[in-house]
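Here's the letter readout for the chains.
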Amino acid sequence: MPYRRYVLDIDRLRADIPAYSDTTGQSPVFLDSAGSSLPPRVVLDTVISHLRREAEIGGYRAAAERLDDLDAARSDIATLINAAPASIALSDSASRSWSDFFYSVPLEPEDRILISGSDYASNAIAALQRARVTGATVETIPSDSTGQLDLEALADMVDDRVKLVSLLHVPTNGGLINPVAEATAIAHRVGALVLLDACQAVGQIDIDVTDLGVDALSATGRKWLRGPRGTGFLYVRPEVCRDLEPGRLDLRGAAWIDPAEYRVADDATRFEFSECDVAARLGLGAAVRYLLDLGPAAVYSAISDNAEYLRLHLPGIPGVSVHDLGTRFAGIVSFTVTGRDPLEIRDRLRESDVTITASHRASTLLDMTARGLDTVLRASPHAFVSTGELDRFLDALDAAITRGD
């Protein structure tokens, strides 16, 4: 990767977070970076500063002043995932990015769409909708005995009717990391396109799109990147981008060159729209630059260490079962408490200023149904979470369970 590597300074991390530096007394325990993380102060300042500038001179002039910074955001994202800046389109969410690419892939009757067994509900719904409209079919790639994508089964499934394979790098309901590069190579043998949902991966694990080989990748800003809500991006491999026309265009993604003619942009900006939240996108750029300056490798390592600490100690609490699958693990730790309502546990922890969340069966219907799970609790500690705070969470969880007995 082309970024530099640093030793992580957790004191600097925590000093940069308003939720910590502005708190007197005991700091909160925040374990929901898989939902919407705590941004560093530079992100907050960047967004607010631009909103104030818009109030002073209007949105158009304010945006014109920051064109170079918006381009820098694309360049920094490209650096983070080892891509060319021209292959990055800024968006308002991972879901929008994923859908914009997915709906641009031509499909005909009897074409096949393959989805992951742990695929997210939004992706599955889109696949089923397009199948209904086009006559294509949707099929699920089985999981192997470890819970990750079954590569042998995928190899047996693919044929020249497979047009699109939807892969999930890290599911929303656990710490599994799927073998994306290997699955992509299998899909490419038959000429299928691979769309990677990296919503839960970008910002917490090393991603190199050249090594992965995927044709497109969607990601959000609000999770592990610690950017604002309402931000995301789409990577499209240049060779693929030139052959796909988005299902929706405006004067950002295309130029009106004749009364009856338009020309689509040559690069990934064909997937962008002219109207957007400029302040939020500048905030996303600030978040990515902050990560690059810290040193992504150090951040990824700290996230992994924090999650592993919880996987090691959670089973020591009576009634707690950890449900993470796979052979490689990310920063999401999923668990349940025997005989207890997960939402009750979540709410009791909030009373102690401990933030976790829950993941419901409807979000990953195939995986959760296969495992007989309805709702799991989800702890996702970022690099800024201290070991002491992890211990406070474990103690608070133990106390919440005890109080309910």
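Report follows, based on the coordinates. Since we're looking at a predicted model, the values are computed, not measured.

As for the sheet that holds strand β2 (residues 88-91)
The strands making up a sheet associate through hydrogen bonds between their backbones, and the pairing can be parallel or antiparallel.
Point 1. Taken in spatial order, the 7 strands make up an open sheet running β2-β8-β7-β6-β5-β3-β4, and their pairing is mixed. Because the sheet does not close on itself, it has two edges, and the strands there are β2 and β4 (137-141). Adjacent strand axes in the sheet meet at a mean angle of 20° when their direction is disregarded.
Point 2. Relative to strand β5 (residues 162-168), strand β3 (residues 112-116) runs parallel, the two sharing 4 bridges.

Here we look at the pairing of strand β10 (residues 261-264)
Point 1. Here strand β9 (residues 254-258) pairs with β10 via 4 bridges, running antiparallel. From the neighbouring strand, A254 faces β10, where its bridge partner is V264.
Point 2. Connecting β9 to the next strand, β10, in antiparallel fashion are 2 residues.

A look at the pairing of strand β12 (residues 333-337)
Point 1. Within β12, 5 of the 5 residues are buried, which leaves the element mostly enclosed by the surrounding structure.
Point 2. Sheet topology note: the strand β11 (residues 320-322)/β12 ladder contains 3 bridges and is antiparallel. By the bridge assignment for β12, V320 is matched with V337.
Point 3. Looking at chain direction, β12 and strand β15 (residues 375-379) are connected through 3 bridges and run antiparallel. The partner of S334 across the bridge, within β15, is R378.

Digging into the packing of aromatic side chains
Point 1. According to the stated counting rule, one finds 5 aromatic pairs in the structure shown.
Point 2. Here F101 and F271 contribute two aromatic rings whose centre-to-centre distance is 6.5 Å and whose plane-to-plane angle is 35°, an arrangement assigned as tilted. Remark: F271 occurs in the loop between β10 and α12 (278-294) and F101 occurs in helix α6 (residues 94-102); sequence separation between them is 170 residues. In this pair, the class of F101 matches that of F271, namely buried.
Point 3. Counting every residue linked through ring pairs, the aromatic cluster contains W98, F102 and Y103.
Point 4. When the ring centre of Y20 is taken as reference, the NZ or CZ atom of R14 above it lies at 4.2 Å.
Point 5. Above the plane of the ring of F102 lies R130, whose end atom (NZ or CZ) is 5.6 Å from the centre.

Rules of the game
- Residues numbered from 1 in each chain as written.
- Predicted model: local features only at pLDDT ≥ 70, side-chain atom pairs only at ≥ 80, totals over all residues.
- Heavy atoms only, no water.
- Pairing = 2+ DSSP bridges.
- Helix = DSSP H or I, 4+ residues; strand = E, 2+ residues; numbered from the N terminus.
- Axes fitted to C-alpha atoms, helices over the stretch in contact; angles between N-to-C directions.
- Buried < 20%, exposed > 50% of the residue type's maximum accessible area, 1.4 Å probe, protein only.
- Phe/Tyr/Trp six-rings, centres within 6.5 Å; stacked < 30°, edge-to-face > 60°.
- Lys NZ or Arg CZ within 6 Å of the ring centre and 35° of its normal.

Take it as geometry only, folks, not as evidence of what the structure does.
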